[in-house]
Amino acid sequence: MAFVTGRLGRPLRSSLLQVVQLHLSRTMGASQEDFENAMNQVKLLKKDPGNEVKLKLYALYKQATEGPCSIPKPGVFDFVNKAKWDAWNALGSLPKETARQNYVDLVSSLSSPSESSSHVEPGTDQKTPGSEDVVVTSEDGITKIMFNRPAQKNAITTQMYREIILALEAASKDNSTITVITGNGDYYSSGNDLTNFTKIPPGGIEEVAKSGAVLLREFVDCFIDFPKPLIAVVNGPAVGIPVTLLGLFDAVYASDRATFHTPFSHLGQTAEGCSSYTFPKIMGPAKATEMLIFGKKLTAREACAQGLVTEVFPESTFQKEVWARLKAYAKLPPNAMKISKELIRSNEKEKLHAINAEECTILQGRWLSDECMNAIVNFLSRKAKL
Ligand SMILES: CCCC/C=C/CC(=O)SCCNC(=O)CCNC(=O)[C@H](O)C(C)(C)COP(=O)(O)OP(=O)(O)OC[C@H]1O[C@@H](n2cnc3c(N)ncnc32)[C@H](O)[C@@H]1OP(=O)(O)O
């Protein structure tokens with residue numbers, strides 16, 4: 001598919017830079033010092049993290065220090081070096097800075113009090129590494145991953161995408177039966193934190209777009225591959241990526257206060273989360289067009305009528321009713337549920353991964369377009385609200 005990568009004109013670049021000045025005080029990822037500390041922490045781990053994690057650490061270390069894998073592939077019988085090569089090579093063109101950050105996050109998750117994000121103490125809040133913006137708890141056979149930035153309407157920062165990836169990886173292996181994603185406060189989530197675009201690394205806006213596309217692809221891939229029943233408890237309005245991802249969930253329960261909004265054209269952007277495929281499939285192309293192209297906002301009842309939402313509950317009883325139901329579901333035999341999910345979803349997985357890859361490539365171009373930059377500048381300078 002062809003797409004046009006717009007170049008930023010001078011006035012737009014300078015407005016963006018002005019707006020960016022306002023946000024430069026925010027962090028720009030892990031420093032070299034964080035990275036070195038993380039390398040030292042690895043040596044002090046009390047528990048062997050297992051081969052899978054060790055390979056991931058190796059790959060991220062190589063990517064962070066040497067960049068993409070360019071050494072020849074070891075022979076088929078050189079098992080150890082081939083596994084290492086595969087892990088490094090799988091990181092593709094992941095930027096060095098992102099690899100460094102992911103390495104620090106991974107080590108931090110291994111060094112947390114429980115020493116492994118895959119073992120969540122029942123009933124305890126397990127904070128994912130680096131922030132409290134994503135809170136993971138596990139109780140009654142349910143792992144709950146909660147967006148926790150209520151003051152920012154649960155807008156998703158770059159760090160939060162990484163934390164959710166780690167939380168999903170852990171949840172896929174922990175002893176919970178089902179996994180739930182929800183939001184804290186009045187919003188489910190207002191989508192991508194638009195200030196993510198203002199943290200400009202040395203490689204410029206092009207690097208922001210490139211690393212954003214790599215991160216988005218990895219993030220959505222985790223939802224495509226998630227092996228257990230994945231349920232969204234949509235406690236309030238949702239904008240952007242938290243809406244599109246719903247097509248990859250197994251059930252979506254919504255408060256009647258929730259709304260579903262994908263204003264991609266308004267933002268100069270395009271569909272992600274595999275919604276270019278799942279939405280037409282779920283609701284038919286005409287209704288999908290209204291949402292994904294014209295940015296029509298749906299009420300919870302409209303979204304339910306169109307098949308995006310499983311069931312709508314009155315706000316007054318929402319939490320009570322939904323959690324009672326989820327606790328009952330979580331008592332069902334876990335393996336039977338996993339196998340049924342595999343049956344329902346497996347024949348689509350390859351297609352979904354291909355669609356995800358294509359959507360991310362197109363978005364990478366969109367993020368560099370004047371249309372998108374204008375929308376972000378407008379939001380950040382509060383000239384416009386959606
Ligand atoms: C790896 C990259 C993947 C990228 C893919 C994703 C695509 C998308 O998700 S596109 C969708 C992006 N989201 C939006 O465009 C929503 C933007 N926000 C709004 O339109 C409004 O804030 C909203 C309608 C959600 C709520 O409006 P209000 O009720 O009037 O509240 P405020 O606007 O005052 O918001 C309170 C507070 O939160 C901050 N906020 C809200 N949403 C975001 C956001 N998406 N990004 C950054 N910040 C956000 C808002 O700025 C306010 O902050 P303060 O000004 O500091 O109080």
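Being a predicted model, the structure only gives us computed values, none of them experimental.

Participant: Provide a residue-level description of the overall build of the chain, including the pertinent values.
Facilitator: Counting secondary structure elements, the chain contains 14 helices and 10 strands. Burial statistics for the chain: of 386 residues in total, 43% are counted as buried. Counting only contacts in the chain whose residues sit at least 6 apart along the sequence, the fraction spanning at least 24 positions is 76%.

Participant: Could you give me a rundown of the nonpolar core, with the residues and numbers involved?
Facilitator: In this structure, A167, I231, V234, V252 and A254 are the most contacted members of the largest nonpolar core, which totals 80 residues. If we skip the residues at most four places from it in the chain, V252 touches A232, V234, L246, L308, V309 and T310. A59, A99, Y103 and L110 belong to the second-largest nonpolar core, a separate cluster that totals 17 residues.

Participant: Can you explain the domain arrangement of the chain? Please cite residues and give values.
Facilitator: Assigned domains within the chain: domain 1 (32–109) and domain 2 (134–331 + 357–384). Listed by partner, the interface residues are nine residues for domain 1 and eight residues for domain 2. Taken together, the residues of the side of domain 1 that touches domain 2 sort by class into two nonpolar, five polar and two charged.

Participant: Account for the confidence of the model for the chain, naming residues and giving values.
Facilitator: When pLDDT is averaged across the chain, the result is 87; 85% of the residues are at 70 or more. Scored below 50 in pLDDT, residues 22–28 shows six contacts in the model against residues more than four places distant or in partner chains. Among the prediction metrics, the complex's ipTM stands at 0.99, with pTM recorded as 0.74.

Participant: If you had to explain the pairing of strand β7 (residues 251–255) to someone new, which residues and values would you point to?
Facilitator: Judged by how many residues are buried, β7 sits mostly within the fold: four of five residues are covered. Bridge analysis of β7 against strand β10 (residues 311–313) gives three bridges, and the strand direction is parallel. Following the sheet pairing, Y253 is matched in β10 by E311.

Participant: Explain the site of the ligand to me, using residue names and the numbers behind them.
Facilitator: Around the ligand lies a shell of 22 residues, among which A155, S190, G191, N192 and G240 are the nearest. A total of three residues in the shell around the ligand trace back to one element, the largest contributor, which is helix α7 (residues 204–225). Each residue belonging to the shell around the ligand can be placed in one class, and the counts come to 10 nonpolar, eight polar and four charged.

Participant: Lay out the packing of helix α2 (residues 32–43) against helix α5 (residues 96–111) with the relevant residues and their values.
Facilitator: It is at 9 Å that the axes of α2 and α5 come closest, and there the two elements cross at 40°. Accordingly, the angle class assigned to the pair α2 and α5 is oblique. Crossing hand, α2 versus α5: left-handed. Facing α2, whose interface residues are D34, F35, A38, Q41 and V42, α5 presents R100, Y103, V104, V107 and S111. Partitioned by chemical class, the residues of the contact of α2 with α5 number six nonpolar, two polar and two charged.

Participant: Got a sec to walk through the environment of I231? Specific residues and values, please.
Facilitator: Following the sequence through the fold, I231 ends up in strand β5 (residues 230–234). As for I231 and A251, which are separated by 20 residues in sequence, their C-alpha atoms are 4.9 Å apart. Beyond its immediate chain neighbours, meaning those up to four positions away, I231 contacts I178, V180, F249, D250, A251, Y253 and L326.

Participant: Can you tell me about the pairing of strand β3 (residues 142–147), naming the residues and giving the values?
Facilitator: Burial analysis of β3 places five of its six residues in the buried class, the great majority of the element. Strand direction decides the pairing type here: strand β2 (residues 134–139) and β3, joined by six bridges, are antiparallel. Paired with V134 across the two strands is F147, which belongs to β3. In this sheet, strand β4 (residues 178–183) lies alongside β3 in parallel orientation, the contact comprising six bridges. Looking at β4, one finds that F147 is bridged to G183.

Definitions and limits used
- Residues numbered from 1 in each chain as written.
- Predicted model: local features only at pLDDT ≥ 70, side-chain atom pairs only at ≥ 80, totals over all residues.
- Helix = DSSP H or I, 4+ residues; strand = E, 2+ residues; numbered from the N terminus.
- Buried ≥ 20, exposed ≤ 12 C-beta atoms within 10 Å, placed from the backbone.
- Contact = placed C-beta atoms within 7 Å.
- Core = buried A, V, L, I, M, F, W, Y, C linked by C-beta atoms within 7 Å.
- Domains from an automatic or database assignment.
- Nonpolar A, V, L, I, M, F, W, Y, C, P; charged D, E, K, R; others polar.
- pLDDT = per-residue confidence, 0-100.
- Pairing = 2+ DSSP bridges.
- Near = placed C-beta within 6 Å.
- Axes fitted to C-alpha atoms, helices over the stretch in contact; angles between N-to-C directions.
- Parallel < 35°, antiparallel > 145°, perpendicular 65-115°, else oblique.
- Left-handed = near helix turned anticlockwise from the far one by under 90°.

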